[in-house]
Amino acid sequence: MEASICAFFSRYQEFFRQGLKGEADMEQVASSYAVAFVAASPAGVSVGQNDGQLQQVMLQGFERYRQSGTKDMLLRDVRVHPIDPLHCLAHVAWTAVYGRDAAPDVSIDFEVHYLVQQLEGAEPRIFGWISGDEEALLRERGIL
């Protein structure tokens, strides 16, 4: 399971990088998610469906990242903790690179914890994630 989850997040990184360039295939990006999912952050807990609205929200998210100066999103590490033969918790370490006008680029390390399901014969799918307070971190580092 670990190898397939690591490969999955490598592909996910590429989808994200394409999104930052405005070139993402949103059906392909959405295929990374299960039919339904849960998200938790300091802003609260929400649930969603993998439908056209998800793709629209993700497009808006990529635009927000571009507007904040996000130049790149780099995968640093994936630690996989199996829950059972079909599910795991993946601790994914990212580095976001921000550029602002003539100022030097700023790199910010953060981690997101993903709940992933991999049914037999199928690709892994994210069915949940837990993240920190991204906006507070960006304000603290002078990005927002």
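The shown structure was predicted, so the numbers you read here are calculated from the model rather than taken from an experiment. (Residues numbered from 1 in each chain as written. Predicted model: local features only at pLDDT ≥ 70, side-chain atom pairs only at ≥ 80, totals over all residues. Heavy atoms only, no water.)

Engineer: Please provide a residue-by-residue account of the overall build of the chain, values included.
Structural biologist: Each helix and strand in the chain was counted, giving four helices and six strands. Secondary structure elements in the chain, listed N-terminal to C-terminal, are α-α-β-β-α-β-β-β-β-α. Relative to its length of 144 residues, the chain is compact, with a C-alpha radius of gyration of 15 Å against a globular reference of 15 Å. By principal-axis analysis of the C-alpha atoms, the chain measures approximately 50 × 30 × 30 Å. Here the chain holds 144 residues, and 35% of them are scored as buried. For the chain, the share of sequence-separated contacts (at least 6 apart) that also reach a separation of at least 24 residues comes to 56%. On the chain, roughly 8,200 Å² of surface is accessible, and the fraction owed to carbon and sulfur atoms is 52%. Distance from the positive charge centre (12 side chains) to the negative charge centre (20 side chains) of the chain: 5 Å. (Helix = DSSP H or I, 4+ residues; strand = E, 2+ residues; numbered from the N terminus. Rg over C-alpha atoms; globule rule 2.2 N^0.38 Å. Buried < 20%, exposed > 50% of the residue type's maximum accessible area, 1.4 Å probe, protein only. Contact = heavy atoms within 4.5 Å. Areas by Shrake-Rupley, 256 points an atom, 1.4 Å probe, with all protein chains shown as cover. Lys, Arg positive; Asp, Glu negative; His and termini not counted. Charge placed at Lys NZ, Arg CZ, Asp CG, Glu CD.)

Engineer: Talk me through the packing of aromatic side chains; I want residue IDs and the actual numbers.
Structural biologist: According to the stated counting rule, one finds 12 aromatic pairs in the structure shown. Between Phe8 and Phe9 the ring centres are 4.9 Å apart and the planes differ by 85°, which places this aromatic pair in the edge-to-face class. An angle of 25° between the planes, with centres 6.3 Å apart, marks the rings of Phe8 and Tyr12 as stacked. Of this pair, Phe8 and Tyr12 both sit in helix α1 (residues 2–20), four residues apart, which is roughly one turn of that helix. The exposure classification of Phe8 matches that of Tyr12, with both residues buried. Among the aromatic residues, those joined into a cluster by ring pairs are Phe8, Phe9, Tyr12, Tyr33, Phe37, Trp94, Tyr114 and Trp129. (Phe/Tyr/Trp six-rings, centres within 6.5 Å; stacked < 30°, edge-to-face > 60°.)

Engineer: Quick one: what's the story with the sheet that holds strand β1 (residues 33–41), residue by residue and with numbers?
Structural biologist: If you trace the six strands from one edge of the open sheet to the other, you get β2-β1-β6-β5-β4-β3, paired in mixed fashion. A strand with exactly one partner marks an edge of an open sheet, and here the two such strands are β2 (44–49) and β3 (70–84). Taken over all neighbouring pairs, the strand axes of this sheet differ in orientation by 20° on average, direction set aside. Pairing of β1 with β2 involves six bridges; the strand directions are antiparallel. (Pairing = 2+ DSSP bridges. Axes fitted to C-alpha atoms, helices over the stretch in contact; angles between N-to-C directions.)

Engineer: Lay out α1 with the relevant residues and their values.
Structural biologist: Since the α-helix packs 3.6 residues into each turn, any two residues three or four apart lie on the same face. End to end, α1 covers 27 Å across 19 residues, agreeing with the expected 27 Å (1.5 Å per residue, within 8%). For α1, every residue scored as buried is listed here: Ile5, Phe8, Phe9, Tyr12, Gln13, Phe15, Phe16, Gly19 and Leu20. End-on, the buried residues of α1 take up no more than an arc of 165°, which puts them together on one face. (Expected span 1.5 Å × (residues − 1). Arc of directions from axis to C-beta.)

Engineer: Before we move on, could you go through the environment of Arg79 and cite the residues and values that matter?
Structural biologist: The topology assignment puts Arg79 in strand β3. A residue is classified by how much of its surface remains accessible, and Arg79, at 35% relative accessible area, is partly exposed. C-alpha separation for the pair Arg79 and Tyr65, spaced 14 residues apart in sequence, amounts to 25 Å. A polar atom in the side chain of Arg79 sits 3.3 Å from the side chain of Glu111. (Polar contact = N/O pair within 3.5 Å; in protein donor to acceptor, adjacent residues only side chain to side chain.)

Engineer: How would you sum up the pattern of salt bridges? Please name residues and give values.
Structural biologist: When the charged atoms of two side chains with opposite charge come close together, those side chains can pair. Summed over all chains, the structure comprises eight salt bridges. A salt bridge links Asp72 to Arg17; the shortest N-O distance between them is 2.7 Å. Remark: Arg17 occurs in helix α1 and Asp72 occurs in strand β3; sequence separation between them is 55 residues. Among the ionic contacts, a cluster of salt bridges with common partners joins Glu14, Arg17 and Asp72. (Salt bridge = Lys/Arg side-chain N within 4 Å of Asp/Glu carboxyl O.)

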